[in-house]
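# What the coordinates show
What follows is the residue order along each chain.
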Amino acid sequence: MATSQAETGQVTGTKDKDYNIIWFTEQCLSNVLRLETYRQDAERDGDTDLAEFFKRAQETSRKGADQGKELLRKRLAG
């Protein structure tokens, strides 16, 4: 399958590389919310190991979102 090498920014109004950072950041934030539900489910079931696992995963996703937001700030300010 061939992949397009063309910049699609003319369609979205956002350069591909900036759009990719925005997408990544949104996905990290969405993951934090989804993992909250999973963590709560595990806690309700008394599975503390699983709840801690999801909590650590949330922290990792939150860190990714923070890094994405910082990178966007730097790139869009310039």
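Scroll up to find the structure this text is about.
Calculation notes
Position numbers for residues start from 1 in each chain and track the written sequence from start to end. In view of the model being predicted, local features appear only for residues whose pLDDT reaches at least 70, and side-chain atom pairs are presented and counted only at 80 or more, with totals across whole chains, interfaces and linings using the full set of residues. Only heavy atoms go into the side-chain values, all of them from the structure, while hydrogens and water stay out. Strands here are runs of E lasting at least two residues and helices are runs of H or I lasting at least four, both read from the DSSP assignment and numbered beginning at the N terminus. Only C-alpha atoms enter the radius of gyration; for comparison, a globular chain is expected to reach 2.2 Å times N to the power 0.38, where N is the number of residues. Each residue's exposure class comes from its accessible area (1.4 Å probe, protein chains only) as a fraction of the maximum for that residue type: buried when under 20%, exposed when over 50%, partly exposed otherwise. Working convention for charge: Lys and Arg count positive, Asp and Glu count negative, and His plus the chain ends are omitted. Charged side chains are reduced to one point each, which is NZ for Lys, CZ for Arg, CG for Asp and CD for Glu. To count toward a patch, a residue needs a relative accessible area above 30% and no salt bridge. Like charges then connect within 9 Å, nonpolar side chains (Val, Leu, Ile, Met, Phe, Trp, Tyr) within 5 Å. With residues, only the protein chains shown are counted as cover, and all accessible areas are computed by Shrake-Rupley using a 1.4 Å probe. Whenever a carboxyl oxygen of Asp or Glu lies within 4 Å of a side-chain nitrogen of Lys or Arg, that contact is scored as a salt bridge. Every helix has an expected span of 1.5 Å times one less than the residues it contains. The criterion used for residue contact is that any of the two residues' heavy atoms lie within 4.5 Å.

### Comments concerning the overall build of the protein
- Looking only at helices and strands, the protein features three helices and zero strands.
- When the helices and strands of the protein are placed in sequence order, the string is α-α-α.
- Computed over its C-alpha atoms, the radius of gyration of the protein comes to 17 Å, more than 25% above the 12 Å expected for a compact globule of 78 residues.
- Among the 78 residues that make up the protein, the fraction classed as buried is 22%.
- Each charge class in the protein can be summarised by its mean position, and for the 13 positive and 14 negative side chains these summaries are 7 Å apart.

### Side note on a negative patch on the surface
- A grouping of Asp 45, Asp 47, Asp 49, Glu 52 and Glu 59 is seen on the molecular surface, where their side chains present a negatively charged patch.
- For Glu 52, the position within the fold is in helix α3 (residues 48-77).
- Of the residues examined, Glu 52 reaches a relative accessible area of 42% and is grouped as partly exposed.

### Things to note about the pattern of salt bridges
- Applying the stated rule across the entire model yields five salt bridges.
- Its salt-bridge partner being Arg 39, residue Glu 43 comes within 2.5 Å of it at the nearest N-O pair. Here Glu 43 pairs with Arg 39, and both are found in helix α2 (residues 16-44), just four residues apart, close to one helical turn.
- Glu 70 is paired through a salt bridge with Arg 73; the nearest N and O atoms lie 3.2 Å apart.

### Description of α3
- The end-to-end C-alpha separation of α3 is 43 Å, in line with the 44 Å expected for 30 residues at 1.5 Å each.
- Those residues of α3 that sit buried are Ala 51, Phe 54, Gln 58, Ser 61, Gly 64, Ala 65, Gly 68 and Leu 72.
- Tucked into the core, α3 has its buried residues touching α2.

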